[in-house]
Amino acid sequence: MSTSAQDYFEELEEEIRAHPALHHPFLEKFRQGKLSLDRIRIFARQYYLYSRWFGRYVAAIIANIPDERPRAFLIKNLYQEYGEEDPANTHPAIFRRFMDALRLDPNEVEETEPLPETRLFIHEYLFTCRNGHFIEALGAMGPGTESIVPYIYRPIYEGLKKEPSLKEDDIEFFPLHMTLDVEHSANIKEALLEYAEKEQNQKLIKQGAMAALSARTVLWNGLERVCCR
Ligand SMILES: [Fe+2]
């Protein structure tokens, strides 16, 4: 007998909360304020390479969802990613304000060579969202990404608050997502409910979520390697 969709998500969420990607030493070191300003700059450069394309990942999933009702939830998320019609407040633009405060030039950052770990992380998102089964991609984006943001951005935000040269407005990207992504995660769960009754779809959701979390663990490994030497 297959588990009901609600029970399935409860079990999956519990497993995700215990995943190493949420408890990585890089996050703990960041939280403790162990990253110098130069190391925070390295983090920002690498993270922008992923973050600037977040809309592309979501848009790719939207293009692959065959059904209207679940597709609408993702469109709502994407609309918010683009600042709800205010071009100054697209999420990449909010991240660029963080980079401005760090005296980083976004054009120059876009030319930055990603770390091997960052490259793998970005590739995982582009590939799964464009070429994966849409249910697997929703698993990667919802339970595997949006749902963990409050857990992974809090230590980063706390660490950034310890850097005296950064003001609250400069680091808005992080607390903004700690609340907004709870909503985005709920929207994706809502989109997945009609599929999540079937066991084969439950497998796809989990596969996507775990692949995204593994890739994120690799991203943190790389950042720990270069930021916490
Ligand atoms: Fe965002």
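One structure accompanies this document, and this report is about it.

1. Observations regarding the overall build of the protein chain
- On a plain count of helices and strands, the protein chain comes out with 12 helices and zero strands.
- In terms of overall dimensions, the protein chain is globule-like: its C-alpha atoms have a radius of gyration of 17 Å, near the 17 Å expected for 229 residues.
- For the protein chain, the spread of C-alpha atoms along the principal axes amounts to about 55 × 35 × 30 Å.
- Across the 229 residues in the protein chain, those meeting the buried criterion constitute 53%.
- The long-range fraction of contacts in the protein chain, counting pairs at least 24 apart against all pairs at least 6 apart in sequence, stands at 82%.
- When the accessible surface of the protein chain is totalled, it reaches about 10600 Å², and 51% of it is carbon and sulfur.
- Measuring between centres, the 28 positive side-chain charges of the protein chain sit 6 Å from its 37 negative side-chain charges.

2. Notes on unusual backbone geometry
- You will see that Glu84, though not glycine, has its phi angle at about 45 degrees, which is positive.
- By the element assignment, Glu84 lies in the loop between α5 (68-81) and α6 (91-101).
- Phi is positive for Arg103, which is not a glycine, with a value near 60 degrees.
- Positionally, Arg103 belongs in the loop between α6 and α7 (106-110).

3. Details of the coordination of the iron ion
- Around the iron ion, the donor atoms from the protein are Glu81 (OE), His91 (ND1) and His177 (NE2), and they sit 2.1 to 2.2 Å away.
- Motif for the iron ion, donor spacing along one chain: E-x9-H-x85-H. Placement of His91 in helix α6 and of His177 in helix α11 (residues 173-193) is noted, with a sequence separation of 86 residues between them.
- A relative accessible area of 5% places His91 in the buried class.

4. Some words on the packing of aromatic side chains
- One pass over the structure, following the stated rule, counts 27 aromatic pairs.
- Ring centres of Tyr47 and Trp220 lie 6.4 Å apart, and the angle between their planes is 10 degrees; on these two criteria the pair is classed as stacked. Here Tyr47, found in helix α3 (residues 37-51), pairs with Trp220, found in helix α12 (residues 199-227); they are 173 residues apart in sequence, far enough to count as distant. The burial state of Tyr47 is the same as that of Trp220; both residues are buried.
- On the basis of an interplanar angle of 90 degrees and a centroid distance of 4.9 Å, the ring pair of Phe95 and Phe173 is categorised as edge-to-face. One end of the pair, Phe95, is in helix α6; the other, Phe173, is in helix α11, with 78 residues separating them in the sequence.

5. Description of the packing of helix α8 (residues 116-131) against helix α9 (residues 134-141)
- Following both chains from N to C, one finds α8 and α9 inclined at 145 degrees, their axes separated by 7 Å at the closest point. From α8, Tyr125, Thr128 and Cys129 reach across to α9, where they touch Glu136, Ala137, Ala140 and Met141.
- Residues that form the contact of α8 with α9 fall into these classes: five nonpolar, one polar and one charged.

6. Describing α8
- The end-to-end C-alpha distance of α8, which contains 16 residues, comes to 21 Å, matching closely the 22 Å that a straight helix rising 1.5 Å per residue would cover.
- Inspection of α8 places Glu117, Thr118, Phe121, Ile122, Tyr125, Leu126, Thr128 and Cys129 among the buried residues, and these make up the whole buried set.
- Buried residues along α8 sit against α3, α4 (54-64), α9 and α12.

So, how was this worked out
Residues numbered from 1 in each chain as written. Predicted model: local features only at pLDDT ≥ 70, side-chain atom pairs only at ≥ 80, totals over all residues. Heavy atoms only, no water. Helix = DSSP H or I, 4+ residues; strand = E, 2+ residues; numbered from the N terminus. Rg over C-alpha atoms; globule rule 2.2 N^0.38 Å. Buried < 20%, exposed > 50% of the residue type's maximum accessible area, 1.4 Å probe, protein only. Contact = heavy atoms within 4.5 Å. Areas by Shrake-Rupley, 256 points an atom, 1.4 Å probe, with all protein chains shown as cover. Lys, Arg positive; Asp, Glu negative; His and termini not counted. Charge placed at Lys NZ, Arg CZ, Asp CG, Glu CD. Donors = N, O, S within 2.8 Å, 3.2 Å for Na, K, Ca; no water. Phe/Tyr/Trp six-rings, centres within 6.5 Å; stacked < 30°, edge-to-face > 60°. Axes fitted to C-alpha atoms, helices over the stretch in contact; angles between N-to-C directions. Nonpolar A, V, L, I, M, F, W, Y, C, P; charged D, E, K, R; others polar. Expected span 1.5 Å × (residues − 1).

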